[in-house]
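Architecture at a glance
Each chain, written out:
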Amino acid sequence: MDTKTVWWKQASFYQVYPRSFFDGTGDGLGDLPGLIAKLPYIRDTGFDAVWVSPFFKSPQADFGYDIADYFSAAPEYGTDEDILHLIDQAHRHSLKIIFDLVLNHTSDRHPWFIESRSSLDNPKRDWYVWRDGRKPMGRKPPNNWRSRLGKRGWQYDETTDQWYWAAFLDFQPDLNWRNPRVREAMFSVIRHWLQAGVDGFRLDIIGSIFEDADFRDNPFSPHLLPAEDRGGMFFQSSDRTDNLPETVAFAKDLRALVDEYTDPPRFLVGEAFGTAGTVKAYCGERENDGLNTVFLFETLQTPFTAPAFRKLTERFEALFPEPFTPVWVFGNHDRMRVLTALGGHRDKMKLLAAFQLTVRGIPFTYQGEEIGMTQLETDQRRCQDPVSFPYRRLPPFLFRLIMKITGGAICRDGCRSPMQWTAETNSGFCPPEVQPWLPVCPDFREVNVETEARESDSVYGCYRRFLDLRHRFEELRTAPMELLPPGDTAAEVLGYRRGGVTVLLNFSPQGRPGRPAPFAGSTICVSTRAGREGKPFDGLGPWEGVVLR
Ligand code: NOJ
């Protein structure tokens, strides 16, 4: 197999958060029949692959990331047949489909955990991470470890007077991956879905799989607040709970398992936290024999300027040379809507799309980004996201400030509002007389698929043009990337070559910034502005991005 042209290196991915995508049954919740009905939309927009957030049986305390049965659909989302139908229909529409795999933890209502917590000598006891508390009286947690959310990560359980470890929320107990039985059980989950035809997995908080075998305290760190490029917060690092060598080695075992399925080759993308250099380790040292790739969240803290994007691109290119491939992602169901982070500036959003869909790497678009959906303003007392609960009583100005600092991480309702399909009540997400599980964003009368599909200068029109060009121009999917020397373009323009085409992106409100000379005589293949295709290049408009030949 030619690894340079394997499908996942060429695909653009679309993330579906099923609860908020499309309600096929009329109860105000998105579901599997709804997603199946909208597969043609995803394909016609120009995406090649879909990542679906979890839809398995779950108490929905973390909206599906707390799984109680890895083999069955949550009844509110559909049936087990619907899952198979989803895979089949995706393939019929020439889409690859990857599932979300939560290996780190289960729900506390998973039968394994119910058994595990029932007694010290239960056969499932060692399936989770249990420890005695510290003396005197064992009333203190076993060590200082905090969860990814900054709270105490150990939960006391009265039945057996011990504590269990939960790297995320308290009702998501961590599985004990040092137990071979856990490995066996979870590997059979993976095999089950690979045999059912799924094309791969997005691996939820994969960096937290193992924690220190000796349960040593996490060391001091000088940082108060969390950041995209490091774990830990509140003056504690996450050295003993994140990205352990055992976890990095585990990525290779996963890859070996998934590589047993060759027709077609399958794909693994990991969600891990740390610098791009740290998380790259999951992909293998010299060969790409670990995870196929990992999300790189440093993008989210990059200022929207040409020099900052140049630096970031150079960095990812240096870290991910062939056979490695970087991921380019700017939003998901946990983060502030990217258009809101860009100040609601639609031309900036289009420029970002032009970058993401032409730079070397795998683009991931979160549902709604392609129409420029914005963050839903949420009343903190009504937030449904469990992460927000401890912050409910904060004065609103403080809540908003922490939201801003953390990029929306303390209440994720705002980026999960229903997908905006039409200008009708409820934006066509669910019937007009039904209340959707989260309010629809108030801008839905202008910002929706139906309206934007009619206007070629919309954000949606821009995505479609660039996705279409990606399909037509092989070099945009497979050619190496060559950044233009800064002297070739004005300082606020980022330029690069991919095979025979040149991409120019103007990160400024000024039109025609200097030095167009080397590109005079080129033809515009596509632009963030509608109606420029096929015209001779005459300089860049404000915030304009073009591909030239
Ligand atoms: C990361 C997921 O993206 C997030 O939505 C979830 O709450 C946590 N992992 C826990 O599974």
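This structure is a prediction, so every number in the text was calculated from the model and none was measured.

If you look at the biggest cluster of nonpolar residues, it comprises 142 residues, and the most contacted ones within it are I42, F99 and L103. With eight residues, helix α6 (residues 180–195) is the single largest residue contributor to this core. Ignoring sequence-local partners within four residues, the contact set of L103 consists of L175, W177, M186, I190, L203, I206, I209, F250 and L254. Counting residues in hydrophobic clusters, the runner-up holds ten residues, among them L484, L504, F537 and L540.

Quick look at the pairing of strand β5 (residues 96–101) now. Most of β5 is tucked away, with five of its six residues classed as buried. Two elements, strand β2 (residues 49–52) and β5, share four bridges in a ladder whose sense is parallel. When the sheet's bridge partners are listed, W51 is paired in β5 with I98. Where β5 meets strand β9 (residues 200–203), three bridges bridge the pair, whose relative direction is parallel. Within β9, the residue paired with L101 across the bridge is L203.

Moving on: the sheet that holds strand β7 (residues 154–157). Strand pairing in a sheet is mediated by backbone hydrogen bonds. Such pairs are either parallel or antiparallel. The strand order across the open sheet built from three strands is β6-β8-β7, with neighbouring strands paired in antiparallel fashion. At either margin of the open sheet sits one strand with a lone partner, and together these are β6 (130–131) and β7. Here four bridges tie β7 to strand β8 (residues 162–165), and the two strands are oriented antiparallel to one another. By the bridge assignment, D157 is partnered in β8 with Q162.

What follows covers the domain arrangement of the chain. Here the chain is described as being made up of domain 1 (7–106 + 179–207 + 245–453), domain 2 (107–176) and domain 3 (480–548). Domain 1 puts 24 residues into the contact, and the matching count from domain 2 is 22 residues. The contact between domain 1 and domain 2 buries some 1,800 Å² in all, and 64% of this surface belongs to carbon and sulfur atoms. Considering only the side of domain 1, the residues that lose the most area to domain 2 are T106, N179 and V182, jointly responsible for 30% of the buried surface there. At the boundary of domain 1 and domain 2, one finds zero salt bridges. The interface formed by domain 1 and domain 2 contains nine residue pairs in polar contact (both at pLDDT 80 or more). Of all the elements in the fold, those that place two or more residues in the side of domain 1 that touches domain 2 are β4 (69–73) and α6. With four residues, α6 is the largest single contributor of residues to the side of domain 1 that touches domain 2. Partitioned by chemical class, the residues of the side of domain 1 that touches domain 2 number 15 nonpolar, four polar and five charged.

Within the structure shown, the criterion is met by one disulfide. Note that C383 is cross-linked by a disulfide to C411, the S-S spacing being 2.4 Å. Handedness here is read from the sign of the S-S torsion; for C383 and C411, about -105 degrees, the answer is left-handed. Taken together, the residues span a long stretch of sequence, with C383 in the loop between β13 (362–366) and α12 (396–405) and C411 in the loop between α12 and α13 (449–454) at a distance of 28 residues. For the pair C383 and C411, one class covers both residues: buried.

About the criteria used
- Residues numbered from 1 in each chain as written.
- Predicted model: local features only at pLDDT ≥ 70, side-chain atom pairs only at ≥ 80, totals over all residues.
- Heavy atoms only, no water.
- Core = buried A, V, L, I, M, F, W, Y, C linked by side-chain atoms within 4.5 Å.
- Buried < 20%, exposed > 50% of the residue type's maximum accessible area, 1.4 Å probe, protein only.
- Helix = DSSP H or I, 4+ residues; strand = E, 2+ residues; numbered from the N terminus.
- Contact = heavy atoms within 4.5 Å.
- Pairing = 2+ DSSP bridges.
- Domains from an automatic or database assignment.
- Buried area = accessible area lost by both parts, 1.4 Å probe.
- Salt bridge = Lys/Arg side-chain N within 4 Å of Asp/Glu carboxyl O.
- Polar contact = N/O pair within 3.5 Å; in protein donor to acceptor, adjacent residues only side chain to side chain.
- Nonpolar A, V, L, I, M, F, W, Y, C, P; charged D, E, K, R; others polar.
- Disulfide = S-S within 2.5 Å.

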